[in-house]
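Reading the structure
This is what each chain is made of:
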Amino acid sequence: MKKIISKDLDFEKQLKDILSFDRGVPANIEETVKKIITDIKSNGDEAVIKLTNELDNNNLNIVDLLVTDDEINEASDQISKELKSVIQLSHDRVAAYHKKQMPKDLMYQDDLGIELGFIWNSIESAGVYVPGGTASYPSSVIMNTVPAKIAGVEKIIMVTPANEGFINPLVLYAAKISGVDKIFKVGGAQAIAALAYGTNTIDAVDVIVGPGNAYVAEAKKMVFGSVGIDMVAGPSEILVIADKDQDARNVAADLISQAEHDVSAQSILITNDIALANSVEQEINDQLSDLPRKEIASKSWNDNGAIIVVDNIAEAIQLSNKFAPEHLQLMVNNPKSYLKNIKNAGAVFLGPNTPEAIGDYIAGPSHVLPTSKSAKYSSGLSVFDFLKRTSVAECTKENFEKIGSAAKELAINEGLDGHARSIDYRLSKK
């Protein structure tokens, strides 16, 4: 873990080191994923089942890959009423938030009387990748599937790795209430390739969304173009900006909440109070001592974590915009007053009572967010990832003649005579 102070003579160099730090994507991953995708394209179901059994500790036949209604219902029966209620609450809050995002079609006449506008249509089919196996990520199901459902996607196919043929019941229940149409026990790069190109068993889709490991991310990158993707997600990130009035215990817990995701995750604190910086550092060491995922979180914090001490909160905001973090917590007095200065962040959590963890599960916005500084040019998952905007134009003979000559002139100057003629024939009186 690095601790740097803005008054240090070599502060800019230390900051650059943190900003450019490589968090360890495997070097040979590209070639491995390329081979898997080629295998799926060439051999379809045969390659899918071979890789599923080899890589995910299964002994399945191709007919076993599709999760049956009986399996889903049996899984649902294993879940307590209390847990079902919690999952339903998360679903309902995410659905309510994303309904607010739905755009409206627009048609208008400009000052020449030309009809212009745009209409929105949903993508017809979506593939949702949910990481797992024996792990339980019902939140990933909800956060990826509900925006697609609200957007109007007709067919939603979910893939998730099974271990010895087992998928966690919470994941299956979340898929059931979220409106998933089919669930397949397939994970990794092979699942992404199957969704992109289709097999006899697994449907090809129009867009693939959802987080996964480095192999899944690389596969999404490679199939993009044949299919749409939400983003190429990297390891999780949190940046906390905290002033002197914050509780060091809470700040430390929020930093650890992301560090426990993965050894490549990154947690950063920026504060204008050296006493708080020291207290948080000590608190993190104390909290890590009895954390169940201590080994992962400790490595993440020690290898990738940082505490940065600055003169004031305005300077902290400027630094945060350089990091463009996936998650930004503004644990400061009057946090809304700084919101207009936040240019780059996947999601912002305002005040001491809005930990990032509440956004992971139940606040409302999707927790699928841009990482690795991609918040500088992209946004978190939303209904817009499942919608297409089509522009519309209509000219009458009269208003076509008012703009046709200009269009013809541009076409001639671009050397596109066919374009010019298609306009000129309509302008000609002969």
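Whatever comes next refers back to the structure up there.
Residues numbered from 1 in each chain as written. Predicted model: local features only at pLDDT ≥ 70, side-chain atom pairs only at ≥ 80, totals over all residues. Heavy atoms only, no water.

1. Remarks on the overall build of the protein chain
Counted only if it meets this: Working definition: helices are DSSP H or I runs of at least four residues, strands are E runs of at least two. Numbering for both runs from the N terminus. Note on exposure labels: buried denotes an accessible area under 20% of the residue type's maximum, exposed denotes more than 50%, and partly exposed covers the range between, all computed with a 1.4 Å probe on protein chains only.
In terms of helices and strands, the protein chain carries 17 helices and 14 strands. When its C-alpha atoms are laid out on the principal axes, the protein chain stretches across 90 × 60 × 45 Å. Classification of the 430 residues of the protein chain by burial places 47% in the buried group.

2. Considerations on the layout of surface pockets
The test is simple: Cavities and pockets are found on a 1 Å grid laid over the protein atoms alone: a cavity is a set of points where a 1.4 Å probe fits but cannot escape, a pocket is an open set with protein on both sides within 12 Å along at least five of seven lines, and a lining residue has an atom within 4 Å of such a point. Grid points are joined across faces, edges and corners, and a volume is the space filled by probe spheres set on the points. Ten residues, namely Ala, Val, Leu, Ile, Met, Phe, Trp, Tyr, Cys and Pro, are considered nonpolar, four, namely Asp, Glu, Lys and Arg, are considered charged, and the remaining ones, Gly among them, are considered polar.
Roughly 310 Å³ of volume is contained in the second largest pocket. Forming the boundary of the second largest pocket are 20 residues, of which Tyr-97, Gly-346, Ala-347, Pro-365 and Leu-369 lie nearest the centre. Listed by contribution, the elements that provide at least two residues to the lining of the second largest pocket are helix 5 (81-99) and strand 13 (347-350). When the residues that make up the lining of the second largest pocket are grouped by side-chain class, the tally is 10 nonpolar, 10 polar and no charged.

3. Structural notes on unusual backbone geometry
Phi is positive for Ala-324, which is not a glycine, with a value near 45 degrees. As for its placement among the helices and strands, Ala-324 is situated in the loop between helix 13 (313-323) and strand 12 (327-331). Look at Ser-372: it is not a glycine, yet its phi comes out positive at around 50 degrees. Assignment of secondary structure puts Ser-372 in the loop between helix 15 (356-361) and strand 14 (387-394). Residue Ser-372 is classed as partly exposed on the basis of its relative accessible area, which comes to 44%.

4. Here we look at the nonpolar core
Going by this rule: The set of buried Ala, Val, Leu, Ile, Met, Phe, Trp, Tyr and Cys residues whose side-chain atoms join them within 4.5 Å is what this entry labels a nonpolar core. Residue contacts are defined here by distance: any two heavy atoms, one from each residue, within 4.5 Å place the two residues in contact.
Counting residues in hydrophobic clusters, the biggest one holds 39 residues, and the most contacted among them are Val-141, Met-158, Ile-183 and Phe-386. Contact partners of Phe-386, with chain neighbours within four places excluded, come to Asn-121, Ser-122, Ile-123, Ala-126, Asn-144, Pro-147, Ala-148, Ala-151, Val-153, Val-207, Val-209 and Leu-381. Of all hydrophobic cores here, the second largest spans 30 residues; its members include Val-159, Ala-189, Ala-194 and Ile-202.

5. Describing the pairing of strand 9 (residues 237-242)
The side chains of a regular strand alternate, first on one face of the sheet and then on the other. Quick reminder of the rule: In this scheme, strands are said to pair when DSSP sees at least two bridges between them. A clockwise path from the first strand over the helix to the second, with the strands pointing away from the viewer, defines a right-handed crossover.
The buried count for strand 9 comes to 6 of 6 residues, which makes it a mostly enclosed element. Across 6 bridges, the pairing between strand 9 and strand 10 (residues 266-271) is parallel. In the sheet register, Ile-238 faces strand 10, and the bridge partner there is Ser-267. With respect to chirality, the unit in which strand 9 leads through helix 10 (residues 248-259) into the neighbouring parallel strand 10 is right-handed. Where strand 9 and strand 12 come together, 5 bridges link them in parallel fashion.

6. Considering the packing of helix 4 (residues 69-77) against helix 7 (residues 169-178)
Formally: Note on geometry: axes are lines fitted to C-alpha atoms, helical ones only across the stretch in contact, with angles between N-to-C directions running from 0 to 180 degrees. Working rule for angles: under 35 degrees goes down as roughly parallel, over 145 as roughly antiparallel, 65 to 115 as roughly perpendicular, anything else as oblique. Helix crossings fall into two classes, left-handed where the near helix is turned counterclockwise from the far one by less than a right angle and right-handed where it is turned clockwise.
For the pair helix 4 and helix 7, the least separation of the axes is 8 Å and the interaxial angle reads 110 degrees. By the angle between their directions, the pair helix 4 and helix 7 is classed as roughly perpendicular. The handedness of the crossing between helix 4 and helix 7 comes out as left-handed. Here helix 4 contributes Glu-71, Ile-72, Asn-73, Ala-75 and Ser-76 to the contact with helix 7, which in turn contributes Pro-169, Leu-172, Tyr-173 and Lys-176. Residue composition of the contact of helix 4 with helix 7, by class: 5 nonpolar, 2 polar and 2 charged.

7. Looking at the side chain of Ser-139
For Ser-139, the position within the fold is in helix 6 (residues 138-151). Judged by relative accessible area, which is 10%, Ser-139 ranks as buried. In contact with Ser-139, not counting residues within four places along its chain, are Asp-360, Tyr-361 and His-367.

8. Some thoughts on the sheet that holds strand 2 (residues 106-109)
Read across the sheet, 3 strands follow the order 2-3-14 without closing on themselves; strand pairing throughout is antiparallel. Every interior strand has two partners, whereas the edge strands, strand 2 and strand 14, have only one. Neighbouring strand axes in the sheet, compared pairwise and without regard to direction, differ in orientation by 15 degrees on average. Pairing geometry for strand 3 (residues 115-122) and strand 14, over 8 bridges, is antiparallel.

9. What about the sheet that holds strand 11 (residues 306-309)?
Taking strand neighbours across the sheet as the criterion, the 6 strands line up as 1-11-10-9-12-13 in an open arrangement whose pairing is parallel. Each having just a single partner strand, strand 1 (2-5) and strand 13 make up the two edges of the open sheet. Averaged over all pairs of adjacent strands, the angle between strand axes in this sheet comes to 15 degrees, irrespective of strand direction. Together, strand 9, strand 10 and strand 12 form the strand contacts of helix 10, whose direction differs from that of strand 9 by roughly 170 degrees. In the packing of helix 13 onto the sheet, contacts are made with strand 9, strand 10, strand 11 and strand 12, and the angle to strand 9 comes to roughly 170 degrees.

10. Some details on the packing of helix 2 (residues 29-43) against helix 9 (residues 214-223)
Across the interface, helix 2 lies against helix 9 with an axial gap of 9 Å and an inter-helix angle of 65 degrees. For the element pair helix 2 and helix 9, the recorded crossing hand is right-handed. Judged by residue contacts, Ile-29, Glu-30, Thr-32, Val-33, Lys-34 and Ile-37 of helix 2 engage Ala-214, Tyr-215, Glu-218, Ala-219, Met-222 and Val-223 from helix 9. Taken together, the residues of the contact of helix 2 with helix 9 sort by class into 8 nonpolar, 1 polar and 3 charged.

11. Things to note about the pattern of salt bridges
Note the threshold: Think of a salt bridge as a Lys or Arg side-chain nitrogen and an Asp or Glu carboxyl oxygen that are within 4 Å of each other.
Under the definition given, this model contains 13 salt bridges. A salt bridge links Lys-50 to Asp-39; the nearest nitrogen and oxygen atoms lie 2.7 Å apart. Here Lys-50, found in helix 3 (residues 45-55), pairs with Asp-39, found in helix 2; they are 11 residues apart in sequence, far enough to count as distant. In this structure, Lys-299 engages Asp-303 in a salt bridge whose closest nitrogen and oxygen atoms are separated by 2.7 Å. Taken together, the residues Lys-299 and Asp-303, both in helix 12 (residues 294-304) and 4 residues apart, mark about one turn of the helix. Classification of Asp-303 as partly exposed rests on a relative accessible area of 38%. Overlapping salt bridges, with partners in common, bring together Lys-155, Lys-182 and Asp-203 in one network.

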